[in-house]
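Descriptive structure summary
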Amino acid sequence: MSTGAAIPKTRPSGSYAPASLAQRSSLLAAVLSQGLSINTLRHVVFVYFVHSHLLRAWRHVRAYGVTPSIYRLYLTLSRAVIALMLRIPALKRKVKTELDAAQAGIEAKLVVRPPPGLRVSETNHALPQHGKDRDWVIGALQELQRLETGKGAEEDGEQVWRSGRISGAVYHGGDEMSEVITQAIGRFILTNPLHPDVFPGVRRMESEVISMVLRMYNAPPTAAGTTTSGGTESILMACKAARDWGNARRIKRPELICSRSAHAAFHKAADYFGVKLIEVEVDRVSRKIRLEQVRRAMNGNTVLLVGSAPSFGEGIIDDIPGLAALAKRAGILCHVDCCLGSFLVPFLERAGQPSEPFDFRVDGVTSISCDTHKYGFAPKGSSVIMYRSKELRRFQYYVQPDWTGGVYASPSIAGSRPGALIAGTWAALMTMGDDGYTQSCAGIVGAARQIESAIRNEIPQLMVLGKPLVSVVAFASAGKVNIYEVGDHMSKKGWHLNGLATEPPAIHIACTRLTIPVVDDFISDLKASVKEARTRAAQPGAMAQLYGLGQTSIGPGLVGEMAARYIDALTTVAD
Ligand SMILES: *Cc1c(COP(=O)(O)O)cnc(C)c1O
């Protein structure tokens, strides 16, 4: 592939070697003596400043269009005004009181106080004075696990996630496979791939996992990859590699383009690595990234175009050939986010389901992320990032040749890594095999299609977003109901669905193997919830409240603050 590989030839070093201070000041003296006054210089700087700002504004308007640009400006300004108003002491106090109350509510819900009589009923704020024996620890672990049932100490109950009433979250490959994975993890518990000479078995399993996933995605023989700790890290690495690839081409202000349906990890990457992210709309009907807008958003700073196969929220596969062609023509990179598609999309055809192009067979696709810990059923903390060439993968590495601790070289963010997870992943892939994944794809995708067709044909108050082909079905109100209220009624019936801040507002279910046996329950509960949301003008529930707030101009700031307090609360130890 031409776009990925070659690093541009550098110019003869003399032509842009940094000038010494003396050289520079004599240059300035020469410029001044040639009749350029300080005023003229000031003028030049001013013109440069205005020019670069105008260029940025022009690119912004071209990327987003006139009306949306004005709307964005309005949003930015109104948020700034609200932020200013919230500095008024009286208002600030009032908001703080309300936030504190909400936080107390969150903590009351989150911080679990185990019922008395358990080994773990006393909270451990510090190390125990004397270490506990094996039986105590194992018994305590059993009790902690029992908390997942939501039941008291004596009652028996199954873990909540086993009910199958949770969207995504738990990608369970069956109890037998969990046992094999546990064995694998146990055997390799102390290993660390940072020391391949000490742990050759882990090195071999890691290279085999990468190779298996490359094959699944029809990578050319030149392709290469690494394992990472999850989808987010895979995406971070793809964006970091694209930034450094751009730097090698002297692109100092790199930009990436993705759609509003792309995963939050791309925003995180842009934030961490100083890449500008341009977010384009999805088509109203197909829900795919709008290529026309991508084209308008591209400029000399663009290093990466991003497509999803499929997206997290709406479960839609973008037009990957269209995106990749745009990237190839511009000589830039194209990433496909298959984190969720993982071990489903490559098996769609063999499972007898319709599919769309998504992998390295599409000319112009330069990197793909695939989560082994989603539909690959590997233990959490496992993903693979792939590149079309080894040269491209190089841009991901971090190497520090003159560290006092020795030459330091690592492929991804972590230094030391858990070899046990690699062993667990290898065990999962070997246990499932091609036929196992084909079968699980047929079951999971079949469940999603059943839900989709029930909504389309039997629930006229709802509409499915786009034409999903994989495991996610997102649906919005067709007019008469508030979709978030439907979500709240589903919560009351024990379902954990995801609210989406899409336009139109929607909720989704991501089917897993656990969903398959409860598809009929889902459909009948959804019908009932729609009825209840229509007839009862109830107090808005949690989902309706949260997403309602997000749609106001004060919302995003407050929701952001609440989200941070939520994370704070997670590490609060009960008294
Ligand atoms: C889950 C997911 C990710 C990120 O994965 P994590 O493993 O949670 O870090 C990225 N993209 C999509 C489409 C996903 O569904």
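Residues numbered from 1 in each chain as written. Predicted model: local features only at pLDDT ≥ 70, side-chain atom pairs only at ≥ 80, totals over all residues. Heavy atoms only, no water.

- The name given to the protein in an unreviewed UniProt entry is sphinganine-1-phosphate aldolase, and the organism recorded there is Tilletiopsis washingtonensis.
- Check the Cofactor (unreviewed entry) section of the UniProt entry for the protein; it says "pyridoxal 5'-phosphate".
- Recorded in UniProt for the protein, the comment headed Subcellular location (unreviewed entry) runs: "Endoplasmic reticulum membrane". (UniProt positions renumbered as here; feature names shortened; annotations may be inferred.)

Details of the side chain of glutamate 452
- Note on placement: glutamate 452 falls in helix α13 (residues 419–458).
- Judged by its relative accessible area of 4%, glutamate 452 falls in the buried class.
- A polar contact is formed between the side chain of glutamate 452 and the side chain of arginine 456, at a distance of 2.7 Å.
- In this structure, glutamate 452 is in contact with Val464, Lys467, Pro468 and Val473, ignoring residues within four places of it in sequence. (Helix = DSSP H or I, 4+ residues; strand = E, 2+ residues; numbered from the N terminus. Buried < 20%, exposed > 50% of the residue type's maximum accessible area, 1.4 Å probe, protein only. Polar contact = N/O pair within 3.5 Å; in protein donor to acceptor, adjacent residues only side chain to side chain. Contact = heavy atoms within 4.5 Å.)

What to know about the site of the ligand
- Residues in close proximity to the ligand total 13 residues, the closest being Gly231, Thr232, Asp337, His373 and Lys374.
- A distance of 2.8 Å separates an oxygen atom of the ligand from a polar side-chain atom of histidine 373.
- The fraction of the free accessible surface of the ligand (380 Å²) that becomes covered by protein chains is 85%.
- Among the elements that make up the shell around the ligand, the one with the highest residue count is helix α8 (residues 231–248) (three residues).
- A breakdown of the residues in the shell around the ligand according to their chemical character gives five nonpolar, five polar and three charged. (Near = heavy atom within 4 Å. Areas by Shrake-Rupley, 256 points an atom, 1.4 Å probe, with all protein chains shown as cover. Nonpolar A, V, L, I, M, F, W, Y, C, P; charged D, E, K, R; others polar.)

Focus on unusual backbone geometry
- The omega torsion across alanine 309 and proline 310 is -5°, close enough to zero to call that bond cis.
- Along the chain, proline 310 turns up in the loop between β4 (302–308) and α11 (320–330).
- Following glutamate 503, the chain continues into proline 504 via a peptide bond in cis, with omega recorded as 0°.

Here's the deal with the nonpolar core
- Core analysis: the largest hydrophobic core is formed by 118 residues, its most contacted members being Tyr217 and Phe522.
- Sequence-distant contacts of tyrosine 217, defined by excluding residues within four places in its chain, comprise Cys338, Gly341, Ser342, Pro346, Phe358, Asp359, Phe360, Ile368, Cys370 and Met386.
- Met205, Ile422, Ala423 and Ala427 belong to the second largest nonpolar core, which has six residues in total. (Core = buried A, V, L, I, M, F, W, Y, C linked by side-chain atoms within 4.5 Å.)

Observations concerning the environment of isoleucine 82
- Structurally, isoleucine 82 is set in helix α3 (residues 66–85).
- A relative accessible area of 18% places isoleucine 82 in the buried class.
- Separated by 475 residues in the primary sequence, isoleucine 82 and glycine 557 place their C-alpha atoms 9.1 Å from one another.

What about the confidence of the model for the protein?
- Looking at the protein as a whole, its pLDDT mean stands at 88, while 89% of the residues score no less than 70.
- Predicted confidence is poor over residues 1–19, with pLDDT under 50, and the contacts of this stretch with residues over four places away or in other chains come to 27 contacts. (pLDDT = per-residue confidence, 0-100.)

Topic: the packing of α8 against helix α9 (residues 264–273)
- Relative orientation of the contacting elements α8 and α9 amounts to 45°, with a least axis distance of 9 Å. Comparing the axis directions of α8 and α9 gives the class oblique. Note on packing geometry: the crossing formed by α8 with α9 is right-handed. On α9, the residues touching Thr232, Ile235, Leu236, Met237, Cys239, Lys240 and Arg243 of α8 are Ala265, Phe266, Lys268, Ala269, Tyr272 and Phe273.
- Taken together, the residues of the contact of α8 with α9 sort by class into nine nonpolar, one polar and three charged. (Axes fitted to C-alpha atoms, helices over the stretch in contact; angles between N-to-C directions. Parallel < 35°, antiparallel > 145°, perpendicular 65-115°, else oblique. Left-handed = near helix turned anticlockwise from the far one by under 90°.)

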